[in-house]
Amino acid sequence: MSAPALDVHDLTVTMALSDGDYPVVSGVDLRLEPGERLALVGESGSGKTVTALALLRLLPQMAEITAERLDVAGHHMLEQDERHLNALRGDDVAMVFQDAMASLNPVLRVEKQLVAPMRRHLGLSAAEARARALELLSQVGIPDPERCLRAHPHELSGGMRQRVMIAMALSCRPKLLLADEPTTALDVTIQAQIIQLLVDLSDQLGLACLLVTHDLGVVARFAHRVAVMYAGRIVEEGPVHRVFADPRHPYTRALLGSIPSTKTSGRLPQIDGVPPGLRERKLGCPFAPRCPDAIDMCRSVVPPLVGADVGHAAACHVTTPAPELVPAVRAGLR
């Protein structure tokens with residue numbers, strides 16, 4: 001069996017602020033096999049982007065990253081110095097950011113930005129890199145690759161810029177692709193095209209993909225598995241069809257219940273309250289203050305991520321209690 005493209009256990013990210021150190025991400029486990037697609041979903045501020053950036057060690061110095069295991073594309077990321085990290089980024093692992101206009105250099109033509117990484121990481125000549133650039137632009141669905149290479153980013157549409165970003169991410173044949181809200185600010189039709197493009201490329205190239213998103217519709221079209229994140233913790237994880245059909249965590253149920261549909265009438269259901277800020281996170285389940293099913297235990301004990309079914313786990317004392325906590329949960333429900 002081939003090694004996993006991503007193998008993370010007990011990832012924690014702590015931010016050093018003026019009044020103390022606060023955990024942004026706590027005890028996150030993630031695993032991705034080659035060709036597998038995982039969606040990391042949750043409200044803004046849940047820690048999704050921080051988790052993705054931590055995998056590449058792209059966080060500022062004020063952030064401390066710890067993990068029992070942080071293996072990305074076969075590399076022990078916590079053991080790498082900055083020189084080796086720069087060699088890995090864009091090579092074995094690549095990232096597509098949500099704002100292509102901010103990620104691309106506005107004063108350089110697409111050709112220069114697309115060719116440079118291949119010359120550096122793959123050792124290609126200028127002619128070889130340009131030929132591969134044309135091939136990549138065709139692969140991501142750009143109709144006139146020659147014109148695109150000559151263009152500056154502002155001369156391209158939002159959808160074309162995002163396709164260029166994907167081509168850049170794929171240019172050095174990575175084993176793992178991280179995509180942080182890659183369809184933000186695109187219209188619905190272009191969003192669907194970009195997501196389908198990522199699915200097709202993953203299938204064709206055996207590329208493992210981690211997608212950060214808040215859009216459950218995108219999750220349904222893209223992912224094999226979904227991990228639901230709240231206040232820096234994974235609260236539910238499993239195959240997309242299982243999680244959507246039988247959500248075990250109250251937060252997951254609330255997210256799914258807030259999706260508009262043709263059958264929705266009247267006010268759209270919403271989740272009361274707001275996610276806790278860094279300084280407001282207390283003992284127990286972070287969702288307890290907003291949860292209609294919370295019991296006393298929820299406010300004092302962090303629920304472990306356990307599964308009633310193979311591959312489907314939730315961190316909830318009420319719906320999926322750990323075996324050793326079952327008697328206490330029953331007592332709390334009386």
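Relevant structure appears above.
This is a predicted model, so every value here is computed, not measured. (Residues numbered from 1 in each chain as written. Predicted model: local features only at pLDDT ≥ 70, side-chain atom pairs only at ≥ 80, totals over all residues. Heavy atoms only, no water.)

A.B. asks: Can you walk me through the pairing of strand 2 (residues 20-32) in this structure?
C.D. replies: Every other side chain in a regular strand lies on the same face of the sheet, so the side chains alternate between the two faces. Strand direction decides the pairing type here: strand 1 (residues 6-17) and strand 2, joined by nine bridges, are antiparallel. Pairing of T14 across the sheet is with P23, part of strand 2. Linkage of strand 1 to strand 2, two consecutive antiparallel strands, is achieved through a turn of two residues. (Pairing = 2+ DSSP bridges. Helix = DSSP H or I, 4+ residues; strand = E, 2+ residues; numbered from the N terminus.)

A.B. asks: Would you mind showing me how to read the pairing of strand 4 (residues 63-66) here?
C.D. replies: By the alternation rule, side chains of strand 4 split into A63 and I65, which are all buried, and E64 and T66, of which none is buried. Two strands pair when backbone bridges link them, and strand 1 and strand 4 are joined in this way by four bridges, in the antiparallel orientation. Looking at strand 4, one finds that T14 is bridged to E64. (Buried < 20%, exposed > 50% of the residue type's maximum accessible area, 1.4 Å probe, protein only.)

A.B. asks: Before we go on, may I ask you to explain unusual backbone geometry in this structure?
C.D. replies: Excluding glycine, residues mostly carry a negative phi; peptide bonds, for their part, are mostly trans. Phi is positive for D10, close to 60 degrees, though the residue is something other than glycine. The residue D10 is located in strand 1 in this model. Residue classification places D10 among the partly exposed residues on the basis of a relative accessible area of 36%. Unlike most non-glycine residues, A231 shows phi in positive territory, near 50 degrees. When you line up the elements, A231 lands in the loop between strand 10 (225-230) and strand 11 (233-239).

A.B. asks: What is the right way to look at the pattern of salt bridges in this model?
C.D. replies: Two side chains bearing opposite charge may form a pair once their charged atoms approach each other closely. Scanning the model with the defined rule gives 15 salt bridges in all. Ionic pairing is found between R225 and E36, a salt bridge with its closest N-O pair at 2.6 Å. Here the residue R225 occupies a position in strand 10, and E36 occupies one in the loop between strand 2 and strand 3 (37-41), the gap between them amounting to 189 residues. The same class applies to R225 and to E36, which are both buried. A salt bridge links R89 to E82, with the nearest nitrogen and oxygen atoms 3.1 Å apart. For E82, a relative accessible area of 46% gives the class partly exposed. A single network of salt bridges, built from pairs that share partners, joins D7, R31, E33 and R69. (Salt bridge = Lys/Arg side-chain N within 4 Å of Asp/Glu carboxyl O.)

A.B. asks: In this structure, what is going on with the side chain of D7? I would like to understand it.
C.D. replies: Tracing the sequence through the fold places D7 in strand 1. The exposure class of D7 is buried, given its relative accessible area of 13%. Setting aside its immediate chain neighbours within four residues, D7 contacts L30, R31, R69, L70 and D71. (Contact = heavy atoms within 4.5 Å.)

A.B. asks: Please clarify how helix 11 (residues 250-257) should be interpreted in this entry.
C.D. replies: Quick reminder: α-helices carry 3.6 residues per turn. Residues three or four places apart thus point the same way. Those residues of helix 11 that fall on the buried side of the exposure criterion are P250, Y251, T252, L255 and L256. As for helix 11, its buried residues are in contact with helix 9 (216-222), strand 10, strand 11 and helix 10 (240-245).

A.B. asks: How should I be thinking about the state of the cysteines in this particular structure?
C.D. replies: Between two cysteines, a covalent bond joining their sulfur atoms is known as a disulfide. A full pass over the atoms with the stated rule returns zero disulfides. No disulfide involves C172; its nearest neighbouring cysteine sulfur is the one of C209, lying 16 Å away. Considering cysteine sulfurs only, C298 is the nearest to C316, which forms no disulfide, with 6.1 Å between them. Judged by its relative accessible area of 7%, C316 falls in the buried class. (Disulfide = S-S within 2.5 Å.)

A.B. asks: Is there a simple way to think about the environment of V235 in this case?
C.D. replies: With respect to the helices and strands, V235 occurs in strand 11. The buried category is assigned to V235, whose relative accessible area is 3%. For the pair V235 and D203, spaced 32 residues apart in sequence, the C-alpha to C-alpha distance is 28 Å. Setting aside its immediate chain neighbours within four residues, V235 contacts V228, Y230, H249, Y251, L305, A313, A314 and A315.

A.B. asks: Teacher, can you tell me more about the environment of I234 here?
C.D. replies: Tracing the sequence through the fold places I234 in strand 11. What makes I234 buried here is its relative accessible area of 9%. The sequence separation of I234 and V25 amounts to 209 residues, and the corresponding C-alpha distance is 9.2 Å.

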